[in-house]
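Structure assessment
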Amino acid sequence: MRLQPRYSWLPTPYRSVLLFCVWLLLNQSLAPFHLVAALILAVVIPWLSAKFRDPQPLIERPGLALRYILRVFLDIITANAQVAVLILGPTKKLKPAFVRVPLDLQHELPITILASTVSMTPGTVSADIYPTKEMLAEGDEVKQRWLLIHVLNLDDEAALIAEIKSRYEAPLKEIFQC
């Protein structure tokens, strides 16, 4: 897993592409001036801001990242329907609970993406990631991290943990090669 950018002059290529496209969309023009301005901004802004960012793992498999985004999108649609059925049904059947999911991920970016994915999916919300860096004394090493999740309706804790780890965490490990 690499934490350093592939090219020192273009430390975050995906962000550069995004900046390039956003500049052109905001200006609604493909005039030569706007193309050159977009190119300059897409290279200079990430280059100047790179020293202010903590090193994060790079996306090593962008095709898998796209597949992950599509999977999450479909899961959000499915979970919306499931939550609607739960909410419209008798609320006495709901079994809300907190679940601790052990994390294999070590870097902040993939953990943040996992927590965000869980929170975007209706019926679940990420409550905490622990231990945090602030909880540890200087020099302590994290042996195990946990993602605390609140679930609207919990039937089987082990099945939920296994699903989160296989459906979301494993692809993130593969995308970031960590």
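This section reports on the structure supplied with the text. Each chain has its residues counted from 1, following the order in which its sequence is written. Only residues with pLDDT of at least 70 are given local features in this predicted model, and only at 80 or more are side-chain atom pairs given and counted; all residues enter the totals for whole chains, interfaces and linings. For the side-chain quantities, the full set of heavy atoms in the structure was used; hydrogens and water were omitted.

1. Regarding the sheet that holds strand 1 (residues 97-103)
What counts, and what does not: Each pair of strands is called paired provided DSSP finds at least two bridges between the two strands. Only runs of H or I of at least four residues qualify as helices and only runs of E of at least two qualify as strands under DSSP, and these elements are numbered from the N terminus. Helix axes use the C-alpha atoms of the stretch in contact, all axes being lines fitted to C-alpha atoms, and the angles between their N-to-C directions lie in the range 0 to 180 degrees. Contacts are assigned to residue pairs that have any heavy atoms within 4.5 Å of one another.
Strand order in the open sheet made by the three strands is 1-3-2, with antiparallel pairing throughout. Two strands close off the open sheet at either side, each with one partner strand: strand 1 and strand 2 (124-130). Looking at each pair of strands side by side, their axes are set apart by 25 degrees on average, direction ignored. Taken together, the six bridges between strand 2 and strand 3 (residues 145-151) define a ladder with antiparallel strand orientation. Bridge assignment links Ile129 to a residue of strand 3, and that residue is Leu147. Across the sheet, helix 4 (residues 108-120) touches strand 1, strand 2 and strand 3, and the angle it forms with strand 2 is around 150 degrees. Helix 5 (residues 157-176) rests against strand 1 and strand 3 of the sheet, and its axis sits at about 45 degrees to strand 1.

2. Here we look at the side chain of His34
Threshold: For every residue, the accessible area obtained with a 1.4 Å probe (protein chains only) is divided by the maximum for its type, and the residue is called buried under 20%, exposed over 50%, and partly exposed between those limits.
On the secondary structure map, His34 appears in helix 2 (residues 32-49). What makes His34 buried here is its relative accessible area of 16%. When near neighbours in sequence (up to four residues on either side) are disregarded, His34 contacts Trp23, Leu24, Asn27 and Ser29.

3. Things to note about the pattern of salt bridges
Cut-off, in case you're wondering: The salt bridge criterion pairs a side-chain nitrogen of Lys or Arg with a carboxyl oxygen of Asp or Glu, the two atoms within 4 Å.
In total, this model carries seven salt bridges according to the counting rule given. Between Arg61 and Glu174 there is a salt bridge; the shortest N-O distance is 3.0 Å. A residue pair is termed long-range when its members are at least 10 positions apart, and Arg61 in the loop between helix 2 and helix 3 (62-88) and Glu174 in helix 5 qualify at 113 residues. The exposure class assigned to Arg61 is partly exposed, which follows from its relative accessible area of 35%. Among the ionic pairs, Lys165 bridges to Glu169, the shortest N-O distance being 2.4 Å. Remark: Glu169 and Lys165 occur in helix 5; sequence separation between them is four residues, near one turn of the helix. In this structure Glu169 comes out as buried when scored by relative accessible area, which is 2%. Taken together, the shared-partner salt bridges in this structure form one network comprising Asp104, Lys165, Glu169 and Lys173.

4. Let's talk about the packing of helix 3 against helix 4
Threshold: Any angle that falls under 35 degrees is termed roughly parallel, while one over 145 is termed roughly antiparallel, one within 65 to 115 roughly perpendicular, and all others oblique. Gly falls in the polar group here, along with every residue not listed as nonpolar (Ala, Val, Leu, Ile, Met, Phe, Trp, Tyr, Cys, Pro) or charged (Asp, Glu, Lys, Arg).
Where helix 3 contacts helix 4, the two axes come as close as 9 Å, and the packing angle between them is 25 degrees. In this view, helix 3 runs roughly parallel relative to helix 4, as classed from their interaxial angle. Touching Tyr68, Val72 and Ile76 of helix 3 are Ile113, Thr117 and Met120, all from helix 4. Tallied by class, residues from the contact of helix 3 with helix 4 come to five nonpolar, one polar and no charged.

5. Things to note about unusual backbone geometry
Despite not being glycine, Gln28 has its phi angle at roughly 50 degrees, a positive value. Relative to the assigned elements, Gln28 resides in the loop between helix 1 (13-27) and helix 2. We classify Gln28 as exposed; its relative accessible area is 72%.

6. Here we look at the nonpolar core
Under the convention used in this document: Grouping buried Ala, Val, Leu, Ile, Met, Phe, Trp, Tyr and Cys residues that are joined through side-chain atoms within 4.5 Å yields what is termed a nonpolar core.
Membership of the largest hydrophobic core comes to 26 residues, with the highest contact counts inside it found for Val99, Val101, Leu114, Leu147, Ile149, Leu172 and Ile175. Counting residues per element, the ones that place at least two in this core are helix 3, strand 1, helix 4, strand 3 and helix 5. In terms of residue count, helix 5 provides more of this core than any other element does, seven residues in total. Apart from the residues lying within four places of it in its own chain, the contact partners of Leu147 are Val99, Arg100, Val101, Leu103, Leu114, Ala115, Val118, Ser126, Asp128 and Ile129.

Don't take any of this as a statement about function, it's just geometry.
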